[in-house]
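Examination of the molecular architecture
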Amino acid sequence: MVRALALASASCIGLSLAQPANRPAPPPPDSYEGHLAAAKQAAGFDFTGTLARLCVVPSTSFRDGVTAQDRAGWYAEPVKVFDNLYWLGTKIHSSWALTDPRGIIIIDTLFNYAAGPEIVDGMRKMHLDPRNIKYVILSHGHSDHDEGVKLLQDKYGARVVAGGPDWDMMENGPDMPGGKPRRDIVAADGQTITVGGNAVTILTTPGHTPGTLSLIFAVRDHGKPMVVAYSGGTSNIPLVHNPAGLAQFIDSQRKLGKAAAESGASIVMANHSEFDGAYTKVRLLAARKAGEPHPYDVGTDGVQRYFKMTDECAQATRMKALGQASLSP
Ligand SMILES: [Zn+2]
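Bear in mind the structure is a predicted one, so any value in this text is a computation, not a measurement.

A few words now on the overall build of the protein chain. The helix and strand inventory of the protein chain stands at 12 helices and 12 strands. Counting across all 329 residues of the protein chain, residues that qualify as buried make up 50%. Working note: accessible area of the protein chain is about 15000 Å², and carbon and sulfur atoms make up 57% of it.

This part is about the sheet that holds strand 5 (residues 133–137). Within the open sheet, the 7 strands sit side by side as 1-2-3-4-5-6-7. Their pairing is mixed. Here the strands that pair on one side only, and so sit at the sheet edges, are strand 1 (79–82) and strand 7 (185–186). Pairing geometry for strand 5 and strand 6 (residues 159–162), over 3 bridges, is parallel. Across the sheet, the residue bridging to V136 is V160, located in strand 6. Packing against the sheet, helix 8 (residues 164–172) makes contact with strand 6 and strand 7, and its axis sits at approximately 110 degrees to strand 6.

Quick look at helix 8 now. The complete set of buried residues in helix 8 reads G164, D166, W167 and M170. The buried residues of helix 8 occupy one face: seen down the axis, they fall within an arc of 160 degrees.

The next subject is the coordination of the zinc ion. Looking at the metal site, the zinc ion is ligated by H140 (NE2), H142 (ND1) and H208 (NE2), spaced 2.1 to 2.2 Å from it. Summarised as a motif, the one-chain spacing of the donors to the zinc ion is H-x1-H-x65-H.

Counting 31 residues, the largest nonpolar core has V81, F82, W96, F217, V219, M269 and Y296 as its most contacted members. Counting 29 residues, the second-largest nonpolar core is a separate cluster that includes W74, I104, Y113 and A158.

Attention now moves to unusual backbone geometry. Despite not being glycine, D108 has its phi angle at roughly 65 degrees, a positive value. The topology assignment puts D108 in the loop between strand 4 (103–107) and helix 5 (112–125). Unusually for a residue other than glycine, H127 sits at a positive phi of about 60 degrees. Along the polypeptide, H127 turns up in the loop between helix 5 and strand 5.

Attention now goes to the pattern of salt bridges. Enumeration according to the criterion identifies 15 salt bridges in this entry. In this structure, the salt-bridge partner of R159 is D184, at a minimum N-O distance of 2.8 Å. Taken as a pair, R159 in strand 6 and D184 in the loop between helix 8 and strand 7 lie far apart in primary sequence, 25 residues in all. You can call R159 partly exposed: its relative accessible area is 40%. Because the salt bridges share partners, they merge into one network encompassing K150, D154 and R182.

Attention now moves to the packing of aromatic side chains. Tallying each qualifying case throughout the model produces 7 aromatic pairs. On the numbers, 6.2 Å between centres and 65 degrees between planes, the contact of W74 with Y75 is edge-to-face. In this pair, the class of W74 matches that of Y75, namely buried. When the ring of F111 is compared with that of Y113, the centres are 5.4 Å apart and the planes differ by 20 degrees; the resulting orientation is stacked. The class of F111 is buried, set by a relative accessible area of 14%. Residue Y113 is classed as buried on the basis of its relative accessible area of 16%.

With respect to the secondary-structure elements, W87 resides in strand 2 (residues 85–87). For the pair W87 and V282, spaced 195 residues apart in sequence, the C-alpha to C-alpha distance is 7.6 Å. A distance of 2.9 Å separates polar atoms of two side chains, one belonging to W87 and the other to S94.

Strands in a sheet are paired, the pairing made by backbone hydrogen bonds, and the direction either parallel or antiparallel. Overall, mixed pairing links the 5 strands, which are arranged 8-9-10-11-12 in an open sheet. Of all the strands in the sheet, the pair left with one neighbour each is strand 8 (192–195) and strand 12 (267–269). Adjacent strand axes in the sheet meet at a mean angle of 25 degrees when their direction is disregarded. Along the sheet, helix 9 (residues 243–263) contacts strand 9 (198–204), strand 10 (213–221) and strand 11 (224–230); its crossing angle with strand 10, the most-contacted strand, is approximately 25 degrees.

Turning to the environment of A199, a few remarks are in order. Inspection of the secondary structure puts A199 in strand 9. Residue class for A199 comes out partly exposed when judged on its relative accessible area of 37%. Residues A199 and F217 lie 18 residues apart in sequence; the distance between their C-alpha atoms is 6.2 Å. Beyond its immediate sequence surroundings of up to four residues, A199 is in contact with T192, I193, T194, I216, F217 and A218.

Reading guide: rules and limits
- Residues numbered from 1 in each chain as written.
- Predicted model: local features only at pLDDT ≥ 70, side-chain atom pairs only at ≥ 80, totals over all residues.
- Heavy atoms only, no water.
- Helix = DSSP H or I, 4+ residues; strand = E, 2+ residues; numbered from the N terminus.
- Buried < 20%, exposed > 50% of the residue type's maximum accessible area, 1.4 Å probe, protein only.
- Areas by Shrake-Rupley, 256 points an atom, 1.4 Å probe, with all protein chains shown as cover.
- Pairing = 2+ DSSP bridges.
- Contact = heavy atoms within 4.5 Å.
- Axes fitted to C-alpha atoms, helices over the stretch in contact; angles between N-to-C directions.
- Arc of directions from axis to C-beta.
- Donors = N, O, S within 2.8 Å, 3.2 Å for Na, K, Ca; no water.
- Core = buried A, V, L, I, M, F, W, Y, C linked by side-chain atoms within 4.5 Å.
- Salt bridge = Lys/Arg side-chain N within 4 Å of Asp/Glu carboxyl O.
- Phe/Tyr/Trp six-rings, centres within 6.5 Å; stacked < 30°, edge-to-face > 60°.
- Polar contact = N/O pair within 3.5 Å; in protein donor to acceptor, adjacent residues only side chain to side chain.

Structure, rendered in structure tokens:
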């Protein structure tokens, strides 16, 4: 008993010595600082690029003046990432080809200047025939993801899937380099696009745009099945002055996070290679040895931390939009 008391006493002393006397009190959870801290905690070291762009140094990745002539600045080689998934992105944005011998689904289409070199030529480099494209799914109607679609619709007869409000945006918006696509399939929540053995489940996740689509689909890593949660509208930056839009964005993050959990997703993908690390991750595959984990595999808990991060980031941004932030980053 005496010994037990002595040990308890020593550990109390040790504990009190380990506590810095001037450690600041943690911020209230429902404050700008509290949500930012929660976002950082959720991101850990897995999602630093997205955390930085959405939450710490809010900014978009639009770069005025980038053109086809700046190819050295944006061009990236295509990479086979899974047995049935190829990356066809630039250093800034991602496009993906989900493949099956019976046809190909393209997800997002880059700026017009990159669609030919990255998607069409990239497929050929990967020994994929663009004439086998059956569907193109547009996550949303912003120029960095939708400008390449007209080429694939006109030249290869691809069916095009987009959210209804984003079809309206494309139709009613300014001219698009490469031309506007003809309205085709209006995505419904829960709809599945199937080609051969690939099935892509579509979730409507408004926020980034009114018609943003996110996706759940399966890939195979040397035969091992894995599930991808594809976030169609990553950034809350277009909503920094729009609390209602941010609330909608937050709902969509929770909806997609829940669907990811239910499907057992251990991979999260988005369409800005610049801040989700796609450009780096796909190149890491070249150094991957047998038995090593896939660079995209963050585990089911990692996927949930991702959506916790985007949720908390958006809540922090909403605090600022409502004028309740006491500190600006
Ligand atoms: Zn966008």
